[in-house]
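# An overview of the molecular structure
Single-letter residue listing:
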Amino acid sequence: MRALTVVPLQAGSAALIDMEEPPESDGPILVETLAVGICGTDIEILSGAYGWSPPGRERLVLGHESLGRVLEAPADGPVAKGDLVVGIVRRPDPVPCANCAVMEWDFCRNGQYTERGIKGHDGYLSERYRITPDFVVKVDSQLGILGVLLEPTSVVAKAWEEVDRIGGRAHWAPHTVLITGAGPIGLLAALLGVQRGLEVHVLDRMTEGVKPDLVRALGATYHSGPVHSIGFNPDVIIECTGVSSVILDAMSNVGVGGVMCLTGVSSGGHEINFDEGAMNRSMVLENVAVVGSVNANRRHYDSAALALAAADRDWLAGLVNRRVPLEKWSEALTRNDNDVKVVIEVNPEMPTST
Ligand code: BGC
């Protein structure tokens, strides 16, 4: 079968290769991959900046935002032949640490977790893969191809859960949320904010095009200047750019008693002149909480599945706005300003959403 692979930490090493069929030891559920979304993490891996191959192997199969169809499954399991499914990305560490032991692998404490398509475990960008029942999530068949958005939605479902839990340290009735960054993560975070009944604002550097249109179609407000110029201090900020200047601007403008959640992974190496003392003062005097959030556990995939099922399908379809066949994979790796979620179609018979 064909698989898109890379030699981690080696730029320009991506190659579509022929591989053995997935071994039965990977799990009793056999899945044919339909589509895989490409995100910033994949681009980092492809640029040679991130990623780990499986032990004893040179190449890693890419792909962690998957959508597949079950080909074979045990009779008494959670999924059956023909179901649309998504594979969970992270696997608990083998020790396991206290969090992995209770299936909260997204909070792994010893760093020995693995991630499919990212860290020490082949991803889903192969024509077929095998998986165990506990790491597969069934997707509403009506979502069709849009089920490929489940993994990024799980990441923002976790971010929102962190915001809610931290906000709940005192009386918590947030009214406004600012999302910085109108990429897929930012737009999905905005969707969940709207579903919570909040007044949602999204800020991005683009001044026109698909992103502002998608924000307005959600009923949210779009901004393209600096955070401090939006005219109010939001109760919640979900940071999805990873850009230092945006992060610091946002951190200095969280509302009193508010919560800011960081989801963007910065590349590092950017030093900026900044008044940390002033920021410290306002964060202390206003009980501001800033929290980082990565990955997602099964609870987050389940709440993400509900959020996607409740979302407007046409709006979601606007997010998946470029599809590239597997043979032309390299076209998926260059980004255009109006790309939101680019997906590689592994199987040309793509299920449609209804
Ligand atoms: C993935 C997460 C993963 C993180 C760090 C993100 O792109 O969505 O599942 O934990 O990268 O590797």
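This text follows the structure it describes.
The following paragraphs examine the structure supplied in this document. These figures come from a predicted structure and were not determined experimentally. (Residues numbered from 1 in each chain as written. Predicted model: local features only at pLDDT ≥ 70, side-chain atom pairs only at ≥ 80, totals over all residues. Heavy atoms only, no water.)

So, on to the sheet that holds strand β2 (residues 15–18). One open sheet holds the three strands; their spatial order is β2-β1-β4, and the pairing between them is antiparallel. Strands with a single pairing partner mark the edges of an open sheet, and in this sheet they are β2 and β4 (60–61). Pairing of strand β1 (residues 2–6) with β4, which is carried by two bridges, proceeds in the antiparallel orientation. Within β4, the position partnered with T5 by the bridge is V61. (Pairing = 2+ DSSP bridges. Helix = DSSP H or I, 4+ residues; strand = E, 2+ residues; numbered from the N terminus.)

Below, the discussion takes up the sheet that holds strand β13 (residues 199–203). Sheet strands pair via backbone hydrogen bonds, and the direction of the pair is either parallel or antiparallel. Taken together, six strands build an open sheet; the order of strands is β14-β13-β12-β15-β16-β17 and the sheet is parallel. The sheet terminates laterally at β14 (221–223) and β17 (289–292), the two strands that pair on one side only. With direction set aside, neighbouring strand axes in the sheet form an average angle of 20°. Sheet analysis places β13 next to β14, joined by three bridges and oriented parallel. Residue pairing in the sheet places L203 in a bridge with H223 of β14. Contacts from helix α3 (residues 184–195) reach β12 (176–180), β13 and β15 (236–239) within the one sheet, and its direction differs from that of β13 by about 170°. Across the sheet, helix α4 (residues 210–217) touches β13 and β14, and the angle it forms with β14 is around 150°. (Axes fitted to C-alpha atoms, helices over the stretch in contact; angles between N-to-C directions. Contact = heavy atoms within 4.5 Å.)

Quick look at unusual backbone geometry now. The residue after V95, namely P96, is reached through a cis peptide bond having omega -15°. Structurally, P96 is set in the loop between β7 (90–91) and β8 (114–116). The phi dihedral of M103 is positive, around 65°, even though this residue is not glycine. When you line up the elements, M103 lands in the loop between β7 and β8. Residue classification places M103 among the partly exposed residues on the basis of a relative accessible area of 41%. (Buried < 20%, exposed > 50% of the residue type's maximum accessible area, 1.4 Å probe, protein only.)

Let us now look at the site of the ligand. Residues in contact with the ligand, as listed here, are C39, T41, Y50, H64, V89, R90, E115, I118, E151, V155, V294 and N295. T41 has a polar side-chain atom sitting 2.5 Å from an oxygen atom of the ligand. Between N295 and the ligand, the recorded distance is 2.9 Å, taken from a side-chain N or O atom to an oxygen atom. For the ligand, the protein covers 90% of the area, taking 310 Å² as the surface of the free molecule. Of the residues belonging to the shell around the ligand, the class tally is six nonpolar, three polar and three charged. (Near = heavy atom within 4 Å. Polar contact = N/O pair within 3.5 Å; in protein donor to acceptor, adjacent residues only side chain to side chain. Areas by Shrake-Rupley, 256 points an atom, 1.4 Å probe, with all protein chains shown as cover. Nonpolar A, V, L, I, M, F, W, Y, C, P; charged D, E, K, R; others polar.)

Along any regular strand, the residues point their side chains to alternate faces of the sheet. Of all 10 residues that make up strand β3 (residues 29–38), 10 are buried, and the element is covered over most of its length. Pairing geometry for β3 and strand β10 (residues 128–131), over four bridges, is antiparallel. By the bridge assignment for β10, V31 is matched with Y129. Bridge count for β3 against strand β5 (residues 65–72) is seven bridges, and the pairing is antiparallel. Residue pairing for β5: T33 is matched across the bridge by G68. Taken together, the four bridges between β3 and strand β19 (residues 342–345) define a ladder with antiparallel strand orientation. Bridge assignment links G37 to a residue of β19, and that residue is V343.

So, to be careful, I would describe these as geometric facts and stop short of saying anything about function.
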